[in-house]
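# Reading the structure
Here are the chains, one letter per residue:
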Amino acid sequence: MFLNIISWFAIAILSVSYWFQIYKIHIHKEVRDISLAYNILLAIGFAILGVTAYYERSVIFLAKQILTTIPVIVIVCQVIYHKGDRWHHSQDPNCAHCKEELELYWAFCPFCGKRGNS
């Protein structure tokens, strides 16, 4: 019984962790640092394991797969939707070469590849 309760608790923690990522993306509309390929592969893997859980009649494993696949698919959709958006901080400098916005502590510009602050 204790193992069953802990397992359901773990499923809730895993699912909620993805929903926190979704919320962060929703608030900041920033997806530069999120790998689309990683999340697509994760969703495919979770979905395949979900089918496996269904055929094995494992309720807890199927629930885990469903409750993690759905938010990962939402993250994939957010990355696609917000791929051109940028979160702006007024303190962030612009690259001296291409004028794109840099993060405060970046030494090199990710857009042109040159040292951004020189």
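Please refer to the structure placed before this passage.
Residues numbered from 1 in each chain as written. Predicted model: local features only at pLDDT ≥ 70, side-chain atom pairs only at ≥ 80, totals over all residues. Heavy atoms only, no water.

## Some points on the overall build of the protein chain
Where we set the bar: A run of DSSP states H or I qualifies as a helix once it reaches four residues; a run of E qualifies as a strand once it reaches two. Both are numbered from the N-terminal end. Within these notes, the globule rule equals 2.2 Å times the number of residues to the 0.38 power, and the radius of gyration is based on C-alpha atoms. Residue burial is assigned from relative accessible area. The probe radius is 1.4 Å, only protein chains are included, and a residue is buried under 20% of its type maximum, exposed over 50%, and partly exposed in between. Contacts were defined at the residue level, with two residues in contact if any of their heavy atoms lie within 4.5 Å. Shrake-Rupley sampling with a 1.4 Å probe provides the accessible areas, and residues are treated as covered by the protein chains on show and by no other component. In this count, Lys and Arg are taken as positive residues and Asp and Glu as negative ones, while His and the chain termini are left out. The atoms used to mark charge sites are NZ of Lys, CZ of Arg, CG of Asp and CD of Glu.
Each helix and strand in the protein chain was counted, giving three helices and zero strands. Start at the N end of the protein chain and walk to the C end: the helices and strands fall as α-α-α. Its C-alpha atoms give the protein chain a radius of gyration of 19 Å, clearly above 13 Å, the size a compact globule of 118 residues would have. With respect to the principal axes defined by its C-alpha atoms, the protein chain has extents near 60 × 25 × 20 Å. Looking at the protein chain as a whole, 27% of its 118 residues are labelled buried. Contacts spanning at least 24 positions in sequence make up 52% of the contacts within the protein chain whose residues lie at least 6 apart. With the model as given, the accessible surface of the protein chain reaches about 8300 Å², and the carbon-plus-sulfur share is 68%. Looking at charge distribution, the protein chain has the averaged site of its 10 positive side-chain charges lying 3 Å from that of its 8 negative ones.

## Things to note about unusual backbone geometry
Phi is positive for R57, which is not a glycine, with a value near 60°. With respect to the secondary-structure elements, R57 resides in the loop between helix 2 (36-56) and helix 3 (59-82). Its relative accessible area of 64% is what places R57 among the exposed residues.

## A closer look at the side chain of K64
Note the threshold: Only one rule defines a salt bridge in this text: a Lys or Arg side-chain nitrogen within 4 Å of an Asp or Glu carboxyl oxygen.
Mapped onto the secondary structure, K64 falls in helix 3. For the buried K64, no salt bridge exists, and the shortest N-O distance to an oppositely charged side chain is 13 Å, to E56.

## Considering the side chain of T69
The following threshold applies: Whenever two N or O atoms come within 3.5 Å, that pair is a polar contact, provided that in protein one can donate a hydrogen and the other can accept it, and provided that, for residues adjacent in sequence, both atoms are side-chain atoms.
Secondary-structure assignment places T69 in helix 3. Reaching out from T69, the side chain makes a polar contact with the backbone oxygen of Q65 at a distance of 2.5 Å. Setting aside anything within four residues of it in sequence, one finds T69 in contact with A43, F46 and A47.

## What about the packing of helix 2 against helix 3?
As a reminder of what qualifies: Axis definition: a line fit to C-alpha positions, over the contact stretch in the case of helices; interaxial angles, taken between N-to-C directions, run 0 to 180 degrees. Should an angle fall under 35 degrees it is called roughly parallel, over 145 degrees roughly antiparallel, and 65 to 115 degrees roughly perpendicular, with every other angle called oblique. With the far helix as reference, a near helix turned anticlockwise by less than a right angle produces a left-handed crossing, and one turned clockwise produces a right-handed crossing. Note on residue categories: nonpolar means Ala, Val, Leu, Ile, Met, Phe, Trp, Tyr, Cys or Pro, charged means Asp, Glu, Lys or Arg, and polar means any other residue, Gly included.
The N-to-C vectors of helix 2 and helix 3 enclose an angle of 155°; their axes lie 8 Å apart at closest approach. With respect to helix 3, the element helix 2 is oriented roughly antiparallel. Remark: the crossing between helix 2 and helix 3 carries left-handed chirality. Contact residues: helix 2 offers L36, N39, I40, L42, A43, F46, A47, L49, G50, A53 and Y54, while helix 3 offers F61, L62, K64, Q65, T68, T69, V72, I73, I75, V76, V79 and I80. A breakdown of the residues in the contact of helix 2 with helix 3 according to their chemical character gives 17 nonpolar, five polar and one charged.

## With respect to the packing of helix 1 (residues 2-28) against helix 3
Between helix 1 and helix 3, the shortest axis-to-axis distance is 10 Å and the interhelical angle comes to 5°. Taken together, the axes of helix 1 and helix 3 are roughly parallel relative to one another. Of the residues assigned to the contact of helix 1 with helix 3, the class counts are 16 nonpolar, eight polar and one charged.

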